[in-house]
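Residue strings, one per chain:
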Amino acid sequence: MAKINMTLVKTPMPEQDPMVRNCNFSEVSTGYTHQMAVEEANRCLNCKHKPCVAGCPVNIDIPNFIKSIVNENIEEAYNIITKTNSLPAICGRVCPQESQCELPCVRGIKGEPVAIGRLERYVADYMMAKETFTTDVQKPSVKKNKKVAIVGSGPAGLAAASDLCDMGYDVTIFEALHKAGGVLVYGIPEFRLPKEIVSKEIERLKTKGVKILLNMVIGKTISIAELHDEEGFDAIFVGTGAGLPNFMNIPGENLNGVYSANEFLTRVNLMKAYDPAYDTPVYFGKHVAVVGGGNVAMDAARAAKRLGAEHVSIVYRRSEKEMPARIEEVHHAKQEGIDFHLLTNPTKILGEKGWVKGMECVKMQLSEPGPDGRRRPEVIPGSEYILDVSSVIIAIGTSPNPLIKNTTSGLETNKWGCIIADQETGQTTIPYIFAGGDVVTGAATVILAMGAGKKAASAIDKYLDK
Amino acid sequence: MYKILEKKDLNNEVVYMKVDAPAVAKKCEPGQFIILRVNEQGERIPLTIEDYDREEGWVSIIFQKVGKTTYLLGTLNEQDYILDFVGPLGTASHTDGMKRVCVIGGGLGCAIAFPQAKKLYNNGAHVDIIAGFRNKDLVILQEEMKKVSTNYYLMTDDGSAGEKGLVTEKLKKLIEQGSNYDTVIAIGPVIMMKFVSLLTKEYGIKTIVSMNPIMIDGTGMCGGCRLTVGGETKFACVDGPDFDGHLVDFDSVLQRLSMYKEEENHKCNLFRGIE
């Protein structure tokens with residue numbers, strides 16, 4: 001076995017130069033070479049108690065796949081990962097590894113943890129580059145004579161579909177949009193997650209036997225009850241995400257030039273407004289303000305910059321420390337020239353002839369920690385000022401779409417509109433309906449949604465086996 | 001892929017298409033709409049369902065060639081395919097309890113007003129239709145609408161067909177003559193719906209308008225179609241497209257509709273080879 005690489009820092013990820021990449025939509029990080037991957041894999045101590053595995057929401061056997069990289073057997077590494085994770089090329093890119101698998105890594109006690117995410121991505125990309133990737137797929141060896149419907153083709157739905165298909169069920173995914181992938185195609189931009197990767201993963205699922213029906217809005221085109229009673233689906237998994245944009249309810253929000261992040265990103269990502277060959281327009285103007293501090297806000301800001309906005313600002317009411325976005329994304333945004341207006345809260349969007357002309361903001365300060373330990377933002381009196389902006393993108397969160405709830409009697413939701421489901425099984429108040437992902441938890445991460453999809457898949461198997 | 005079963009030019013600008021879409025036809029109700037995408041590079045645009053046949057599995061749409069997408073759609077012929085066609089979207093029109101109704105269609109709005117008038121008429125309501133157009137060449141659905149109305153009044157701006165005048169003038173006359181409407185349904189240009197609503201407010205007659213703003217997904221996801229109704233923000237795609245005309249803030253709707261006008265004109269002209 002090769003000698004442990006005791007370097008304290010991760011093997012750096014090759015990246016496009018910030019001032020070049022902020023003008024294109026190609027991927028920011030270009031990925032490890034084989035040599036870099038082996039070098040980084042050699043930093044793993046292969047420790048006995050494997051804290052990384054417990055940190056992974058789908059419990060990938062991390063030390064083992066890294067060992068395969070050390071042995072330069074990438075195919076074996078891929079097989080180990082895909083035992084529990086059906087979308088490694090996606091997770092390797094968008095998982096918040098710093099707060100999951102890499103957080104408890106022993107190498108992180110002194111220095112940086114092993115770059116597990118980058119290694120996962122390397123393995124997946126290596127396999128994906130093969131021409132046979134989408135065609136050479138192991139088909140399920142058993143057939144169970146039962147049908148499962150998956151509503152929504154985002155990460156939760158894809159994970160559930162993959163597992164159920166492997167178990168031998170007849171699986172059909174219903175997608176409302178014209179393209180499968182959910183948030184992976186309409187939300188996360190090309191420069192962070194190339195759409196070709198998503199479509200290859202989906203092609204692979206199809207080869208395995210999963211059917212995907214596009215342009216099907218469940219609750220409108222056909223209801224959940226009809227899928228069950230008339231179309232013969234024995235169980236249904238709802239993974240419809242949190243797609244309803246929240247607005248701030250401040251004056252001026254309906255002016256031309258104000259977008260929800262969902263609309264802005266859908267125009268850019270799904271409808272490819274950045275490509276002149278596509279018809280969908282998008283407006284941004286000279287100075288774009290993005291309100292919010294999460295990954296979606298970073299995505300919107302960086303997309304606006306790439307479209308050609310001269311000046312892009314993030315406006316967030318707390319300080320950088322409280323930002324929910326991944327550190328890497330904040331770092332990338334700063335490198336690309338995005339301005340940060342922290343401890344700043346918009347109070348009014350100003351217009352002229354119906355178009356955005358400016359945004360009135362107040363400065364905020366954080367209170368002493370309350371009983372819950374959280375420091376609340378408070379307005380500093382008399383601190384109003386006007387930010388000179390030509391468009392505003394609101395990225396302050398999303399809620400589940402009420403369409404399924406409103407058209408499925410007996411399906412209960414909580415006060416935030418999230419479907420009530422058993423934490424372990426995903427079973428809802430209607431026994432044959434299971435749910436998981438953002439529609440249950442509210443907006444969260446790709447991997448948590450996938451984890452929920454997997455749990456629900458095994459619960460559906462138990463339910464149908466009875 | 002969704003096959004075009006039948007295509008007719010209703011006039012120089014307006015096209016009728018019957019599209020094979022069994023899943024949509026099975027569920028749709030008057031007042032609902034579909035979203036379509038002509039080709040891979042195309043936009044998603046909402047169009048209201050004009051008519052449908054559940055057994056034969058088709059849905060018909062009527063559209064006016066105003067932008068690149070509608071021109072492009074207009075170049076397709078019978079037996080061609082539309083890439084994406086999703087629906088039915090939006091909330092179906094509520095027609096319960098309506099007994100004496102005046103249905104007003106302005107221009108292309110007649111295509112949307114038609115299924116509502118048909119449903120009301122078939123349910124036994126007294127239905128007066130006022131159909132307004134710029135001139136005789138733009139008149140559509142005259143025969144169809146006559147069949148589903150108690151009285152049909154045709155109005156043109158220049159008097160080249162029917163009576164000369166605005167739909168609001170006719171409506172005012174009918175109300176003054178004691179038509180005793182319990183509901184007015186107005187569908188057409190935003191400016192027409194605004195003035196109909198202002199008029200009926202004076203007489204205290206419940207008025208329903210149908211909004212057709214800019215949309216992408218049509219399922220409540222983007223919020224692009226938001227409008228202010230009674231001081232609250234609503235999404236036309238899921239809360240509508242029908243709203244109480246006395247509560248809609250029409251001026252901000254007009255403003256939002258103009259958002260992409262410049263770009264739209266440019267792309268449309270390029271497509272038509274005008275520039």
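All of the points below concern the structure found in this document. Because the structure is a prediction, the values reported are computed rather than measured.

**Describing the interface of chain A and chain B**
On the side of chain B, 41 residues touch chain A, which itself brings 43 residues to the contact. Summed over both partners, the interface of chain A with chain B buries about 3600 Å², with 51% contributed by carbon and sulfur atoms. The largest contributions to the chain A side of the interface with chain B come from Lys220, Asn254 and Asp279 of chain A, which together make up 21% of the buried area. On the surface where chain A and chain B come into contact, there are 3 salt bridges. Of the charged contacts, one joins Lys27 of chain B and Glu226 of chain A as a salt bridge, the two residues approaching to 2.7 Å between their closest N and O atoms. At the junction of chain A and chain B, the tally comes to 21 residue pairs in polar contact (both at pLDDT 80 or more).

**A few points about the pattern of salt bridges**
A pair can form between side chains of opposite charge whenever their charged atoms are brought close. Residue and element names in this part refer to chain A. Here the structure, examined in full by the defined rule, presents 42 salt bridges over all chains. A salt bridge links Asp299 to Arg192, with the nearest nitrogen and oxygen atoms 2.7 Å apart. On the criterion of sequence distance, the pair formed by Asp299 in helix 13 (residues 295-307) and Arg192 in the loop between helix 9 (183-186) and helix 10 (195-208) is long-range, its members being 107 residues apart. Judged by its relative accessible area of 2%, Asp299 falls in the buried class.

**Here's the deal with helix 2 (residues 34-41) of chain A**
Residues and elements named next belong to chain A. Turning to helix 2, its buried residues number three or more, namely Ala37, Val38, Glu40 and Ala41. In an axial view of helix 2, the angular spread of the buried residues amounts to 165°, which keeps them on one side of the axis. If you follow the buried residues of helix 2, they end up packed against helix 4 (62-70) and helix 7 (116-128).

**Some details on the nonpolar core**
By size, the foremost hydrophobic cluster in this structure holds 82 residues, and its most contacted members are Phe65 and Ile69 of chain A. In terms of residue count, helix 17 (residues 446-465) of chain A provides more of this core than any other element does, 9 residues in total. Not counting the four nearest positions on each side in its chain, Ile69 of chain A is found in contact with Ala37, Val38, Ala41, Ile74, Ala77, Leu119 and Val123 of chain A. Listed in part, the 54 residues of the second largest apolar core include Cys361 of chain A together with Leu89, Tyr181 and Ala236 of chain B.

**Here's the deal with the sheet that holds strand 1 (residues 147-151) of chain A**
Residues and elements named next belong to chain A. With respect to topology, 5 strands assemble into an open sheet ordered 3-2-1-4-16, the strand pairing being parallel. Looking at which strands have only one partner, the edges of the open sheet turn out to be strand 3 (211-213) and strand 16 (433-435). Neighbour-to-neighbour, the strand axes of this sheet turn through a mean angle of 20°, independent of strand direction. Note: strand 4 (residues 235-238) against strand 16, 3 bridges, orientation parallel. Following the sheet pairing, Val238 is matched in strand 16 by Ala435.

Scoring rules and cut-offs
Residues numbered from 1 in each chain as written. Chains lettered and ligands numbered in written order. Predicted model: local features only at pLDDT ≥ 70, side-chain atom pairs only at ≥ 80, totals over all residues. Heavy atoms only, no water. Contact = heavy atoms within 4.5 Å. Buried area = accessible area lost by both parts, 1.4 Å probe. Salt bridge = Lys/Arg side-chain N within 4 Å of Asp/Glu carboxyl O. Polar contact = N/O pair within 3.5 Å; in protein donor to acceptor, adjacent residues only side chain to side chain. Helix = DSSP H or I, 4+ residues; strand = E, 2+ residues; numbered from the N terminus. Buried < 20%, exposed > 50% of the residue type's maximum accessible area, 1.4 Å probe, protein only. Arc of directions from axis to C-beta. Core = buried A, V, L, I, M, F, W, Y, C linked by side-chain atoms within 4.5 Å. Pairing = 2+ DSSP bridges. Axes fitted to C-alpha atoms, helices over the stretch in contact; angles between N-to-C directions.

Such coordinate-based values are descriptive only and should not be taken to indicate function.
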